[in-house]
Amino acid sequence: MTTDYLVIGSGIAGLTFSVKIAEKFPNKNIVIVTKASEDESNTKYAQGGVAIVSNKEEDSFKKHIKDTLIAGDGLCREDVVEMVIKEGPERLKELLLWGANFDVNDTGKFDLGKEGGHSEYRIIHHKDITGYEIERALLSKAHQLPNISILPHHFAIDLVTNHHIRDYNSKKLTCFGAYVLDQKSGKIRTIKANSTLLASGGIGCVYGHTTNPVIATGDGIAMAYRAKARIKDMEFVQFHPTALYEAKGESSFLISEAVRGFGAYLRNKKGYRFMPDYDERAELASRDIVSQSIDSELKKSGEAHVYLDCTHLDMDAFINHFPNIYKECLEHHIDIKADWIPVVPASHYLCGGIEVNKKGMTTINSLFACGECSRTGLHGANRLASNSLLEALVYAHNIYKYQSEIQCKSVNVDIPDWNDEGTTITKEHVLIQHNLKQLQALMRDYVGIVRSNKRLKRAITHLDLIYEEVEDLYRESKLTTSLCELRNMINVAHLIIRQSLDRFENKGGYYNMDNVKH
Ligand code: FAD
Ligand code: SIN
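For clarity, every value in this text was computed on a predicted model and none was experimentally measured.

Caption draft 1: Examining the overall build of the protein chain more closely. Within the protein chain one finds 14 helices and 18 strands. Relative to the 2.2 N^0.38 estimate, which gives 24 Å for 518 residues, the radius of gyration of the protein chain is 22 Å and therefore close to what a compact globule would have. When the backbone C-alpha atoms are referred to their principal axes, the protein chain occupies close to 70 × 50 × 45 Å. Across the 518 residues in the protein chain, those meeting the buried criterion constitute 62%. Partitioning the contacts of the protein chain with sequence separation of at least 6, the portion at a separation of at least 24 is 75%.

Right under this line is the structure:
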């Protein structure tokens, strides 16, 4: 298959870019491959909303910029922060035009929420299912454009670069598309593209306990790494403070930070409200601080979770703003009106990823990255809540603008088909499951909220063993999604551990007991 634009992923990043470029060039083709159903993505589960300055009487770009820089703990790229925040209102206008609905109050203005690290109410939301609404609107817009083809259940395995092409003599590493597994037929297709966009999302599933859906296995980052793109800031894994705790199994349902913005308190088992002891902003300190504080409370008490107390809040208003959280808790036999919600931190977001410049260009020619798989410099050492959807919107626009100006040229290369000679269908699914559990336990126990050099070094030793076992299986087996995902998660884990060992000061979401805070 040949296309002008190949987009890997159908969340906010991939869809926003596709819609824009498809409208600009009706004669060019956009192929979106996505490994599950077309709407499955982290985007679909976003709750709190999008951080955008809309109320200029109370709020300002300056305040949002300051909040982002404070959360990022000195490691944000200031020019990027300024660019992203100032572009927010323009990108919001487009979302509205494409049919996304956001809550408004009685005066017709946006009903703004608040989250940790924000000095003002500025979170634009649709109840507590903002991501679902954005994904709905973007897909509906994409379906109206005949030059966009969405291929669900198509898993991108690897990028095609110079390494795959005999006699290609350009010195500059270039991407020519990707090898893609059609998950229904089991066939591996070669998709040749003039421009490839990685919009493949996050890595939450590298840790067993995560707020992310099962698709978040870091595939794009692993593919880019294997293709030799530069990957940065992988040590900054963000743990969300309040995932719903379940004694049996590992719940991944998120209790939005906007609930604390609405006035909920964090309490330990004794009922003590501990956050004011850790930070003057209490429950609304930035996410790194709240997660580290909960971790410290749990270590002191030996308990498995803390509580989120909403019982003092105006319940009618609460249920109106958070109907989904209210319903989900009831399904878990928690009545928010009377019961405290048991919560525990869980892996949530990756601040690092594939390094890109302001145009979304990676260090490989014709390869762009956008959204959670990319590292733009916006988040520094810790992302400010609800800045992620905003970043994806702004960078999708920047990539679109750049590509409209340069119009990617077609390159005449002969890409060999995927070679799976000598491989057989594996009967060893148990090995994949076992290695996956080992990997997730390793990351939870040794590479979690609080790290140490000893744990990180032990993690590398154990990871190397898992790596060898999985590479063996990979060499001899016909590819399956679960095998490829496991291999990708191992690559991502390796990057997180290695880059953690290279950081000698504690910043934002990175805390190593052997380092001192600067
Ligand atoms: P995604 O939306 O994750 O999309 C990635 C796409 O790539 C998916 O379609 C996936 O199937 C596809 N894909 C992945 N690998 C492959 C492959 N190998 N082949 C083919 N397709 C592939 N951020 C905010 O700003 N505000 C919020 O309120 C908020 N709430 C959140 C709540 C939850 C529970 C979670 C999990 C995240 C939240 N975030 C929030 C973070 C935010 O949702 C994500 O960072 C953002 O949606 C990422 O968008 P994306 O387009 O980069 O990736
Ligand atoms: C939330 O609603 O708490 C998630 C917000 C985010 O991750 O930005």
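Next comes the rest of the write-up.
Caption draft 2: Here's a closer look at the site of ligand 1. The immediate surroundings of ligand 1 are formed by 38 residues, with Thr43, Gly49, Ala156, Glu372 and Ser388 found nearest. For ligand 1, an oxygen atom lies 3.1 Å from a polar atom in the backbone of serine 10. Take glycine 49: an N or O atom from its main chain is 2.8 Å from a nitrogen atom of ligand 1. About the coverage of ligand 1: the protein hides 98% of its 1000 Å² of free accessible area. Breaking the shell around ligand 1 down by element, the ones donating at least two residues are α1 (12–24), β2 (30–34), β6 (154–161), β13 (341–350) and α11 (387–406). Partitioned by chemical class, the residues of the shell around ligand 1 number 13 nonpolar, 20 polar and five charged.

Caption draft 3: Summary view of helix α3 (residues 78–97). If you check α3, its first and last C-alpha atoms are 30 Å apart, about what 20 residues at 1.5 Å a residue would give, namely 28 Å. Listed in full, the buried residues belonging to α3 are Val80, Val81, Met83, Val84, Ile85, Gly88, Arg91, Leu92 and Leu95. Positioned one or two residues after α3, glycine 99 has a phi angle of 105 degrees, which is positive.

Caption draft 4: Representation of the sheet that holds strand β10 (residues 237–244) within the structure. Spatially, four strands are ordered β10-β13-β12-β11 in an open sheet, and the strand pairing comes out antiparallel. At either margin of the open sheet sits one strand with a lone partner, and together these are β10 and β11 (265–267). Each adjacent strand pair in this sheet contributes to an overall mean axis angle of 45 degrees, direction not counted. Note that β11 and strand β12 (residues 306–309) share three bridges and pair antiparallel.

Caption draft 5: Seen up close, the side chain of glutamate 120. Note on placement: glutamate 120 falls in the loop between α3 and β4 (123–124). Residue classification places glutamate 120 among the buried positions, given a relative accessible area of 17%. Reaching out from glutamate 120, the side chain makes a polar contact with the side chain of lysine 63 at a distance of 2.9 Å. Apart from the residues lying within four places of it in its own chain, the contact partners of glutamate 120 are Glu58, Asp59, Lys63, Asp67 and Lys114.

Caption draft 6: Broad picture of the site of ligand 2. All residues in the neighbourhood of ligand 2 are listed as Gln47, Gly48, Glu115, His240, Leu254, Ser256, Glu257, Arg287, His348, Arg383, Ala385 and Ser386. Contact distances for ligand 2 include 2.9 Å between an oxygen atom and a backbone N or O atom of glycine 48. Measuring from an oxygen atom of ligand 2, one finds a side-chain N or O atom of histidine 240 at 2.8 Å.

Caption draft 7: Local environment of the packing of α1 against helix α4 (residues 130–143). Where α1 meets α4, the axes come as close as 10 Å, and the angle between the chain directions of the two elements is 30 degrees. With respect to each other, α1 and α4 are oriented roughly parallel. Classified by chirality, the crossing of α4 by α1 is left-handed. Only Ile134, Glu135, Leu138, Leu139, Lys141 and Ala142 of α4 make contact with α1, whose side of the interface consists of Ile12, Leu15, Thr16, Val19 and Glu23. For the contact of α1 with α4, the per-class residue count stands at seven nonpolar, one polar and three charged.

Caption draft 8: Summary view of the sheet that holds strand β14 (residues 353–355). The three strands lie next to each other as β9-β14-β16, forming an open sheet whose pairing is mixed. On the outer flanks of this sheet lie β9 (231–232) and β16 (374–375), each paired with one strand and no other. As paired strands, β9 and β14 are joined by two bridges and run antiparallel to one another. Opposite isoleucine 231, over in β14, you have isoleucine 354 as the bridge partner. Of the strands in this sheet, β9 and β14 touch helix α5 (residues 219–226), which is tilted by about 45 degrees from β14.

Caption draft 9: Representation of the environment of alanine 199 within the structure. Relative to the elements of secondary structure, alanine 199 occurs in the loop between β8 (188–198) and α5. In this structure, the C-alpha to C-alpha distance between alanine 199 and cysteine 370, residues 171 residues apart in sequence, is 5.2 Å. Contacts of alanine 199, omitting those with residues within four sequence positions, involve Ile8, Gly9, Ala13, Gly14, Cys370 and Cys373.

Caption draft 10: Summary view of the packing of α5 against helix α14 (residues 481–501). Between α5 and α14, the shortest axis-to-axis distance is 8 Å and the interhelical angle comes to 75 degrees. Considering the angle they form, α5 stands roughly perpendicular to α14. Every residue of α14 that contacts α5 at Asp219, Ile221, Ala222, Tyr225 and Arg226 is listed here: Glu485, Arg487, Asn488, Asn491, Val492, His494 and Leu495. A class-by-class count of the residues in the contact of α5 with α14 yields five nonpolar, three polar and four charged.

Caption draft 11: Region of the structure containing the state of the cysteines. Following the criterion strictly, the structure yields zero disulfides and no others. Counting only cysteine sulfurs, cysteine 329 is the nearest neighbor of cysteine 310, a cysteine outside any disulfide, at a range of 7.8 Å. Cysteine 351 takes part in no disulfide bond, and the closest cysteine sulfur, belonging to cysteine 76, lies 9.0 Å away. The class of cysteine 351 is buried, set by a relative accessible area of 4%.

Caption draft 12: Region of interest: the packing of aromatic side chains. Taken as a whole and assessed by the stated rule, the structure comprises nine aromatic pairs. Ring geometry for phenylalanine 368 against tyrosine 402: centres 6.1 Å apart, planes inclined by 50 degrees, an arrangement best described as tilted. Here the residue phenylalanine 368 occupies a position in strand β15 (residues 367–369), and tyrosine 402 occupies one in helix α11, the gap between them amounting to 34 residues. Exposure remark for tyrosine 402: the relative accessible area of 17% places this residue in the buried category. Three or more aromatic residues joined by ring pairs make a cluster, and in this case those are Phe262, Phe318 and Phe322. Directly above the aromatic system of phenylalanine 25 lies the positively charged group of lysine 28, at a separation of 5.3 Å from the ring centroid. The cationic tip of arginine 487 hangs over the ring face of tyrosine 474; the distance from NZ or CZ to the ring centre is 3.6 Å.

The rules we used
- Residues numbered from 1 in each chain as written.
- Chains lettered and ligands numbered in written order.
- Predicted model: local features only at pLDDT ≥ 70, side-chain atom pairs only at ≥ 80, totals over all residues.
- Heavy atoms only, no water.
- Helix = DSSP H or I, 4+ residues; strand = E, 2+ residues; numbered from the N terminus.
- Rg over C-alpha atoms; globule rule 2.2 N^0.38 Å.
- Buried < 20%, exposed > 50% of the residue type's maximum accessible area, 1.4 Å probe, protein only.
- Contact = heavy atoms within 4.5 Å.
- Near = heavy atom within 4 Å.
- Polar contact = N/O pair within 3.5 Å; in protein donor to acceptor, adjacent residues only side chain to side chain.
- Areas by Shrake-Rupley, 256 points an atom, 1.4 Å probe, with all protein chains shown as cover.
- Nonpolar A, V, L, I, M, F, W, Y, C, P; charged D, E, K, R; others polar.
- Expected span 1.5 Å × (residues − 1).
- Pairing = 2+ DSSP bridges.
- Axes fitted to C-alpha atoms, helices over the stretch in contact; angles between N-to-C directions.
- Parallel < 35°, antiparallel > 145°, perpendicular 65-115°, else oblique.
- Left-handed = near helix turned anticlockwise from the far one by under 90°.
- Disulfide = S-S within 2.5 Å.
- Phe/Tyr/Trp six-rings, centres within 6.5 Å; stacked < 30°, edge-to-face > 60°.
- Lys NZ or Arg CZ within 6 Å of the ring centre and 35° of its normal.

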